[in-house]
Amino acid sequence: AVRLRAFQMGPETAMNTPAAATRRMPWRFAPNVDPQWTDADVDTGTLENAIAPFRKAANVTGTATGSLDFDDIPNLMCPLLLPVSPSGGGASKTWTAGPASKSQDPIQLMTGEWGDETTDVFQYVSGVCSKVAITFPEDMGPATISADYLFSYANYPVSFTAALDPNLTPHWVYAADTSL
């Protein structure tokens, strides 16, 4: 049933405002929703926890892994650095990110959806990418990514916002075609 799972994303217009997904990512996604239930660290005169546990802020994270397609680069770079846009004619594009030196850049927040095409779907809201690792394998295959996302909260259950398909003709990123 793992192959029936899907991960799709969409850009948000405001913090904590879920957005409809606009792209299904060709990656595996390993989510983790930890509500952080915590026992009070106090002496109550009993061996049992006499005081009910309490919750801290939820820790909602996930790691996306897979091969890298040139068309998926904005979904890595925008929530990691800042909104970037392509320039250049034809198929060749240059993606430029120019972080501000004296002000704060507006990082693109993302809504993620992960599930298996039923009502068993999670929605992850206001996500940023905290770390991206791009690896160019020794076998000369497409570059692979491992991207860690951090979200403000999760909704469950929800339905996918659209019937999106992954790109069936990806333009894989190869080391020979790339300059950083």
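The structure under discussion appears in the preceding block.
About the thresholds
Residues numbered from 1 in each chain as written. Predicted model: local features only at pLDDT ≥ 70, side-chain atom pairs only at ≥ 80, totals over all residues. Heavy atoms only, no water. Helix = DSSP H or I, 4+ residues; strand = E, 2+ residues; numbered from the N terminus. Buried < 20%, exposed > 50% of the residue type's maximum accessible area, 1.4 Å probe, protein only. Areas by Shrake-Rupley, 256 points an atom, 1.4 Å probe, with all protein chains shown as cover. Lys, Arg positive; Asp, Glu negative; His and termini not counted. Charge placed at Lys NZ, Arg CZ, Asp CG, Glu CD. Polar contact = N/O pair within 3.5 Å; in protein donor to acceptor, adjacent residues only side chain to side chain. Contact = heavy atoms within 4.5 Å. Salt bridge = Lys/Arg side-chain N within 4 Å of Asp/Glu carboxyl O. Core = buried A, V, L, I, M, F, W, Y, C linked by side-chain atoms within 4.5 Å. Pairing = 2+ DSSP bridges.

**A few points about the overall build of the protein chain**
Move 1: Each helix and strand counted, the protein chain has 1 helix and 12 strands in total.
Move 2: Structurally, the protein chain occupies a C-alpha span of about 70 × 45 × 35 Å along its principal axes.
Move 3: Per-residue burial over the protein chain gives 29% buried out of 180 residues.
Move 4: Carbon and sulfur atoms provide 54% of the accessible area of the protein chain, an area that totals close to 11000 Å².
Move 5: Positive and negative side-chain charges of the protein chain, numbering 10 and 19 respectively, have mean locations separated by a distance of 4 Å.

**Focus: the side chain of Ser126**
Move 1: One can find Ser126 in strand 10 (residues 121-135).
Move 2: Residue Ser126 is classed as buried on the basis of its relative accessible area of 4%.
Move 3: A polar contact of 2.6 Å, which involves the side chain of Ser126, links it to the backbone nitrogen of Asn16.
Move 4: Once residues lying within four places of it in the same chain are set aside, the contact partners of Ser126 are Glu12, Met15, Asn16, Thr17, Leu109, Met110, Leu150, Phe151 and Ser152.

**Quick look at the pattern of salt bridges**
Move 1: If you walk through the whole model with that rule in mind, you get 3 salt bridges.
Move 2: In this structure, Asp69 and Arg23 form a salt bridge, with 3.8 Å as the shortest nitrogen-oxygen distance. In this pair, Asp69 is assigned in the loop between strand 6 (59-67) and helix 1 (74-77) and Arg23 in strand 2 (residues 23-25), connecting sequence segments 46 residues apart.
Move 3: Across the salt bridge formed by Lys131 and Asp148, the nearest N and O atoms sit 3.6 Å from each other. One end of the pair, Lys131, is in strand 10; the other, Asp148, is in strand 11 (residues 144-151), and 17 residues separate them in sequence.
Move 4: Ionic contacts of the salt-bridge type, sharing partners, join the residues Arg23, Asp69 and Asp72 into one network.

**Side note on the nonpolar core**
Move 1: Formed by 20 residues in total, the largest nonpolar core has its most connected members in Phe7, Trp27, Phe29, Leu68, Leu76 and Tyr149.
Move 2: Mapped by element, the contributors of at least two residues to this core are strand 1 (6-11), strand 6, strand 9 (110-115), strand 10 and strand 11.
Move 3: Residue contributions to this core peak at 4 residues, all from strand 11.
Move 4: Other than its neighbours up to four places away in sequence, Phe29 contacts Phe7, Gly62, Thr63, Ala64, Trp114, Tyr124, Tyr149 and Phe151.

**Considerations on the pairing of strand 10**
Move 1: In this sheet, strand 10 lies alongside strand 9 in antiparallel orientation, the contact comprising 5 bridges. Note that in strand 10 the partner of Glu113 across the bridge is Gln123.
Move 2: The turn linking strand 9 back onto strand 10 is made up of 5 residues, and Glu117 within it adopts a positive phi angle of 70 degrees.
Move 3: Summarising the sheet, strand 10 and strand 12 (residues 153-158) pair through 4 bridges and their orientation is antiparallel. For Gln123, the partnering residue across the bridge sits in strand 12 and is Asn155.

**Some remarks on the side chain of Gln123**
Move 1: Inspection of the secondary structure assignment puts Gln123 in strand 10.
Move 2: Within the structure, the side chain of Gln123 is placed 2.7 Å from the side chain of Asn155, a separation counted as a polar contact.
Move 3: Setting aside anything within four residues of it in sequence, one finds Gln123 in contact with Pro18, Thr111, Gly112, Glu113, Tyr153, Ala154, Asn155 and Val158.

**Topic: the environment of Thr144**
Move 1: Within the secondary structure, Thr144 is located in strand 11.
Move 2: Note on Thr144: relative accessible area 31%, which makes it partly exposed.
Move 3: Along the chain, Thr144 and Val173 lie 29 residues apart, while their C-alpha atoms are 8.5 Å from each other.
Move 4: Those residues in contact with Thr144 that sit more than four places away from it in its chain are Gly66, Ser67, Leu68, Ala133, Ile134 and Thr135.

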